[in-house]
Amino acid sequence: MVTESKAVELPRALTVKELGDLLSVSAVEIIKELMKNGVMASINQVIDFDTAAIVATDFGFDPRESDTAEKAEVLVERVTRETVDEEEDPATLQKRPPVVTILGHVDHGKTSLLDVIREANVTASEAGGITQHIGAYQVEVNGEKITFLDTPGHEAFTAMRARGSQVTDIAVLVVAADDGVMPTTIEALNHARAAGVPIIIAVNKIDLEGADPSRVLQQLTQYEVLVEQYGGDVPAVNVSARTREGIPDLLENILLIAEIQDLKANPDRPAAGAVIEAQLTTQQGPVATLLVQKGTLRTGDALVAGNATGKIKAMFDERGRTITSAGPSMPVKVLGLHEVALAGDTFEVVKDEKVARADVETLKRARDAALLREAHPVNLDSLFGEIHSGILKDLNIILKTDVQGSIEPIRHSLERLSNEEVQVKIIHSGSGTITESDAMLAVASKGIIIGFNAKPDAGAKKIAESEKVEIRQYSIIYNLIEDVEKAIKGMLEPVFIDVINGHAEVRQIFKISRLGNIAGCQVLDGTLHRSDLVRVMRNGEKIADTRCASLKRFTEDVREVQSGYECGIQLEGFNDVKEGDIFEFYHRAQQT
């Protein structure tokens, strides 16, 4: 008699243990069933609905997606929307202030410029309030407001983009007139370009001896920045943070671009926006600086900010004044969250605090499910399939070389590989080490990093590993171009490298008639594995390349032998072993 399958509701993502609880099956049995289906998972590992459904079916259940899954999908779509005015009725939209980020080289006067702009908008009675640092502030110019984000640099700017917060409308690139364009200047420029925001050039320090603003504008043409003075469309303003010359012109240019952009938002709806800064203070607890992007935020509102929830107890502007509401493009410091949010997280007002906490749990599940479902990060090995499946339209490349002279020939060669299905874009190039900033840009732009005689530093390696960013290193230009071309055509073969595990020296030969020669060895370094490949070195030269047939400690077979121990080694198909030979144990791994 055929028994009817029992219906079971499953969320979009759940742990192995939770699946076991829902099916009333032990986690061990779930893990075994997953292994049968080619999935290796631990008891606390999150699996997606499709994987869980296969296991549930194998145990005689009829799996269905729960209502929570649908809610999760709606929430993910809601909190990851990038455009502020999406799905808004045009009749509800009103003009909002532009949000501006100032970027540039560390010594070129960004902070001084920000201070001058801020001080110019503070009356003498309010001057004491300007020390209140909340990561963002508003100024008023000719009756129009402008919001400035006071970020530490373009790394923070891009980190926010990588976390899903596209908050900037206009980027001001500061270049010192006496110093000119620096590598960090170009990094900042490319980060702004990758964000797709209009750029204004502010040539600072024009009051200093040796200042040459025209040289700066000429240098920028080398990086495809053509300013208005040269017939281009990028505004350039000469300024001095010390004498305040040109500051009004800079602000007017910002307002002009904002007018062209026609920035609008609906103020008459629950607020949503981004977390600019967040910290834990001893006196006030978790404090967050929020940038309202749409709607109006009010004291008493319950909100979700990433994984943090709470009800706004108090709200302050950049002068430290208590306020009760904040409209679109206004930055505010808020108290009342139960934990510290993360800079770059999105926030949204919800009906009440209980709903907020429930939403956070649902969102965590939804994000886990989205991560499980989404395609893996771009890499050359999988590029062809992603192009033809329609996932990938642009191949964004961050190019780093050992010398400046190598950049242009490689850039031109790569860009010529573009075809109808994929556009190869060099979104940033430079000479020197592959840095943390390069890795963050790759994360934000879903790009890959190519190094020509350039290696990643520790920070770049850490980000690349955690965010699954591909870093390809080359020493021959032809190989670099060929690999990208093959990837686009779908012909790229995985690259394998030899990883040395350890070395052993032959100290004695044991001749056994039925087995052949067994080498009595001392392990010099590393760890030898029975499954390893082995190179036989004699007087510094390789005389054989084979594999380990057996590995013994005394009379027992062992899986591995560590440095400092003696062992017996027999090689596959090689019997001409002599005392003094060095065995180099290694394995082959796919290069990542």
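Bear in mind the structure is a predicted one, so any value in this text is a computation, not a measurement. (Residues numbered from 1 in each chain as written. Predicted model: local features only at pLDDT ≥ 70, side-chain atom pairs only at ≥ 80, totals over all residues. Heavy atoms only, no water.)

1. Details of the confidence of the model for the protein chain
Residues shown with low pLDDT carry predicted positions that ought not to be read at fine detail.
Inference 1: Residues of the protein chain with pLDDT of at least 70 account for 82%, and the chain-wide mean is 81.
Inference 2: Here residues 72-85 is a poorly scored stretch, pLDDT under 50, and it has 28 contacts once near neighbours within four places are set aside; other chains count.
Inference 3: This stretch, residues 122-132, has a pLDDT under 50; its non-local contacts, to residues over four places away or in other chains, come to 15 contacts. (pLDDT = per-residue confidence, 0-100. Contact = heavy atoms within 4.5 Å.)

2. Comments concerning the sheet that holds strand S8 (residues 144-149)
Inference 1: One open sheet holds the six strands; their spatial order is S7-S8-S6-S9-S10-S11, and the pairing between them is mixed. Sheet topology places strand S7 (136-141) and strand S11 (236-238) at the edges, where each strand pairs with a single neighbour. Averaged over neighbouring strand pairs, the angle between their axes works out to 30 degrees when direction is ignored.
Inference 2: Sheet topology places S7 next to S8; six bridges connect them, and they run antiparallel. In the sheet register, Val-139 faces S8, and the bridge partner there is Ile-146.
Inference 3: Packed onto the sheet, helix H8 (residues 213-221) meets strand S9 (170-176), strand S10 (199-204) and S11 and runs at close to 145 degrees relative to S10.
Inference 4: Against the sheet, helix H9 (residues 247-261) makes contact with strand S6 (99-104), S7, S8, S9, S10 and S11, and its axis sits at roughly 100 degrees relative to S8, the strand it touches most. (Pairing = 2+ DSSP bridges. Helix = DSSP H or I, 4+ residues; strand = E, 2+ residues; numbered from the N terminus. Axes fitted to C-alpha atoms, helices over the stretch in contact; angles between N-to-C directions.)

3. Comments concerning helix H2 (residues 27-36)
Inference 1: For H2, the full list of buried residues reads Ala-27, Ile-30, Glu-33 and Leu-34. Buried positions in H2, seen along its axis, are confined to an arc of 120 degrees and lie on one side of it. Facing away from the buried side of H2 by more than 90 degrees, the exposed set consists of Val-28 and Lys-36.
Inference 2: Its buried side turned inward, H2 meets helix H1 (16-23) and helix H3 (49-58). (Buried < 20%, exposed > 50% of the residue type's maximum accessible area, 1.4 Å probe, protein only. Arc of directions from axis to C-beta.)

4. Overview of the packing of aromatic side chains
Inference 1: One pass over the full model with this rule turns up one aromatic pair.
Inference 2: Lying over the aromatic face of Tyr-137, Arg-118 brings its terminal NZ or CZ to 4.5 Å of the ring centre.
Inference 3: The residue whose ring lies beneath Arg-535 is Tyr-586, and the NZ or CZ to ring-centre distance is 3.9 Å. (Phe/Tyr/Trp six-rings, centres within 6.5 Å; stacked < 30°, edge-to-face > 60°. Lys NZ or Arg CZ within 6 Å of the ring centre and 35° of its normal.)

5. Some thoughts on the sheet that holds strand S16 (residues 302-305)
Inference 1: With respect to topology, six strands assemble into a closed barrel ordered S13-S14-S19-S17-S16-S20, the strand pairing being antiparallel. Strand-to-strand, the axes of this sheet are offset by a mean angle of 45 degrees, without reference to chain direction.
Inference 2: Note that strand S14 (residues 285-294) and strand S19 (residues 331-337) share five bridges and pair antiparallel. Looking at the pairing, Ala-288 lines up with Val-334 of S19.

6. Re the pairing of strand S17 (residues 308-316)
Inference 1: Counting buried positions over the nine residues of S17 gives seven, a clear majority of the element.
Inference 2: With four bridges joining them, S16 and S17 adopt antiparallel strand pairing. Paired with Leu-303 across the two strands is Gly-310, which belongs to S17.
Inference 3: Connecting S16 to the antiparallel partner S17 that follows it, the hairpin turn spans two residues, and Gly-306 within it adopts a positive phi of roughly 65 degrees.
Inference 4: With four bridges joining them, S17 and S19 adopt antiparallel strand pairing.

7. Considering unusual backbone geometry
Trans is the common state for peptide bonds, and a negative phi is the common state for residues other than glycine.
Inference 1: Despite not being glycine, Lys-205 shows a phi value in the positive range, around 65 degrees.
Inference 2: You can see Lys-205 is positioned in the loop between S10 and H8.
Inference 3: You will see that Lys-468, though not glycine, has its phi angle at about 60 degrees, which is positive.
Inference 4: Examined against the element boundaries, Lys-468 turns out to sit in the loop between helix H14 (458-467) and strand S24 (471-474).

8. Topic: the side chain of Asp-301
Inference 1: Along the chain, the position of Asp-301 falls in the loop between strand S15 (297-298) and S16.
Inference 2: One buried charge, Asp-301, has no salt-bridge partner; the nearest side chain with opposite charge is Arg-298, at 5.5 Å.
Inference 3: Engagement of the side chain of Asp-301 in a polar contact is seen with the backbone nitrogen of Arg-298, the distance being 2.8 Å.
Inference 4: Sequence-distant contacts of Asp-301, defined by excluding residues within four places in its chain, comprise Thr-296, Gly-310, Lys-311, Ile-312 and Val-349. (Lys, Arg positive; Asp, Glu negative; His and termini not counted. Salt bridge = Lys/Arg side-chain N within 4 Å of Asp/Glu carboxyl O. Polar contact = N/O pair within 3.5 Å; in protein donor to acceptor, adjacent residues only side chain to side chain.)

9. What about the environment of Met-537?
Inference 1: With respect to the helices and strands, Met-537 occurs in strand S27 (residues 533-538).
Inference 2: Measuring from C-alpha to C-alpha, the distance between Met-537 and Phe-583 comes to 6.3 Å, with 46 residues separating the pair along the chain.
Inference 3: Not counting chain neighbours up to four residues away, the residues in contact with Met-537 comprise Lys-542, Asp-581 and Ile-582.

10. What to know about H14
Because each turn of an α-helix spans 3.6 residues, side chains separated by three or four positions in sequence point in the same direction.
Inference 1: All of the buried residues along H14 are Ala-460, Ile-463 and Ala-464. All buried residues of H14 fall inside an arc of 100 degrees around its axis, so they share one side. Exposed side of H14, more than 90 degrees from the buried face: Ala-458, Lys-462 and Glu-465 are the residues found there.
Inference 2: Where the residues of H14 are buried, they touch helix H13 (436-445) and S24.
Inference 3: Looking at where H14 begins, the residue whose side-chain oxygen comes 3.2 Å from the main-chain nitrogen of Gly-459 is Asp-457.
Inference 4: Immediately beyond the C-terminal end of H14, within one or two residues, lies Lys-468, with a positive phi of roughly 60 degrees.

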